[in-house]
Amino acid sequence: MSIANNAFATRINYVRGVKILILHYEKLPEECTVHEIKSFLVFLKETMNYSSSTLNLRICSLKYYFREVVNRLDLVTKIPNHRFQKYDTEIMTSDELNRIFNSGRDMRQKLVVTMLYDTGIRISELIRVKLSDFDKQNSSIIIRNSKGKKTRVVYYGRKLREVIKQYCQTMGRLPKDTLIENYNNIEQPLSLRGGQHIVREVVKRSGIRKKISPHSFRHTFAVHYLNYGGSIFRLQKLLGHTHISTTLNYLKYAFIPDSSDLSPFDNLPQ
């Protein structure tokens, strides 16, 4: 998985999924029967009360092990996929977004939530962004070594440009290294937990009852991008998805602009 450039968090979670099965039956996964594996998954769901996303992660880890490590494709095909509704209740409305943007305690908090929404980047990517990553001429940001060790380009609008300008004016200087500095030590970037804490505090102050995490801004960006007429293939590149099937999940929540007045025949070149 390391050679294949899988994310560190993915490697840890996949190893954990295999480890739990080994400890449960006290034998190697390939020594288990299909019935034992299915019973184990039922145990995780009904006894251990695993959430849908965590259970799906355990299934993916076992399938990866059987497919890539021990070459047991017979077990891969017989383990059922866990189907669940992704991104449920995580898409914010325009009114909710404005309430959140106006609930920041300072410009740093406002910058975190507005940048997450305007660019669709992950919180782990946001805390690593530097001023040198910005291209003012093209209104773009280079996101380096993100999930899967990939580098991509995202874009930002004039409103976010103004927020960044106000953020720097409030500090009275330009950031030294990373754009969003640590509260206690300006020599260090904002930590991942610090970024997550800011989102929790701002959402709590807004009074919104939805379960909103930093990733909710990414989901909302994707749906709104499609609502405003953006291309699903362009969105895939902006989000850095390897597979288009991941991006297609957002179509369930989007309201694609009506193009019923378009005549393909009228637009056909002679």
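**Q** Whenever I open this one, the pattern of salt bridges confuses me. Can you help?
**A** A side chain with one charge may pair with a side chain of the opposite charge, provided their charged atoms come close. One pass over the full model with this rule turns up 9 salt bridges. Across the salt bridge formed by Lys210 and Glu96, the nearest N and O atoms sit 3.2 Å from each other. Note that Lys210 is positioned in the loop between α9 (192–206) and α10 (214–227) and Glu96 in helix α5 (residues 94–101), a separation of 114 residues in sequence. A residue is classified by how much of its surface remains accessible, and Glu96, at 13% relative accessible area, is buried.

**Q** What is the right way to look at the sheet that holds strand β2 (residues 140–143) in this model?
**A** Within a beta sheet, neighbouring strands are joined by backbone hydrogen bonds and run either parallel or antiparallel to one another. In space, the 3 strands of this open sheet follow the order β1-β2-β3, with antiparallel pairing throughout. The open sheet has two free edges, formed respectively by β1 (134–135) and β3 (152–155), since each of these has just one partner strand. As defined by bridge partners, β1 adjoins β2 across 2 bridges and the pair is classed as antiparallel. Looking at the pairing, Asp135 lines up with Ser140 of β2. Across the sheet, helix α6 (residues 107–119) lies against β1, β2 and β3, angled at about 110° from β3, the strand it touches most.

**Q** Would you explain the pairing of β3 in this entry?
**A** Within a regular strand, side chains alternate between the sheet's two faces. Along β3, the buried face is formed by Arg152 and Val154; none of Val153 and Tyr155, which line the opposite face, is buried. The sheet contact formed by β2 and β3 spans 4 bridges and is antiparallel. The residue bridging Ile143 from the neighbouring strand is Arg152, located in β3.

**Q** What is the right way to read the packing of aromatic side chains from this model?
**A** To describe a pair of aromatic rings, you give the distance between the ring centres and the angle between the ring planes. Across all of its chains, the model carries 5 aromatic pairs by this definition. On the basis of an interplanar angle of 70° and a centroid distance of 5.5 Å, the ring pair of Phe134 and Tyr156 is categorised as edge-to-face. A residue pair is termed long-range when its members are at least 10 positions apart, and Phe134 in strand β1 and Tyr156 in the loop between β3 and α8 (158–171) qualify at 22 residues. By the burial criterion, Phe134 is buried, and Tyr156 matches it. Geometrically, the ring pair formed by Phe221 and Tyr225 is tilted, given 5.9 Å between the ring centres and 35° between the ring planes. One end of the pair, Phe221, and the other, Tyr225, are both in helix α10, 4 residues apart, so they sit about a helical turn from each other. The cationic tip of Arg108 hangs over the ring face of Tyr183; the distance from NZ or CZ to the ring centre is 4.1 Å.

Here is what the cut-offs are and how they apply
- Residues numbered from 1 in each chain as written.
- Predicted model: local features only at pLDDT ≥ 70, side-chain atom pairs only at ≥ 80, totals over all residues.
- Heavy atoms only, no water.
- Salt bridge = Lys/Arg side-chain N within 4 Å of Asp/Glu carboxyl O.
- Helix = DSSP H or I, 4+ residues; strand = E, 2+ residues; numbered from the N terminus.
- Buried < 20%, exposed > 50% of the residue type's maximum accessible area, 1.4 Å probe, protein only.
- Pairing = 2+ DSSP bridges.
- Contact = heavy atoms within 4.5 Å.
- Axes fitted to C-alpha atoms, helices over the stretch in contact; angles between N-to-C directions.
- Phe/Tyr/Trp six-rings, centres within 6.5 Å; stacked < 30°, edge-to-face > 60°.
- Lys NZ or Arg CZ within 6 Å of the ring centre and 35° of its normal.

Purely geometric stuff here, so don't read any function into it on its own.
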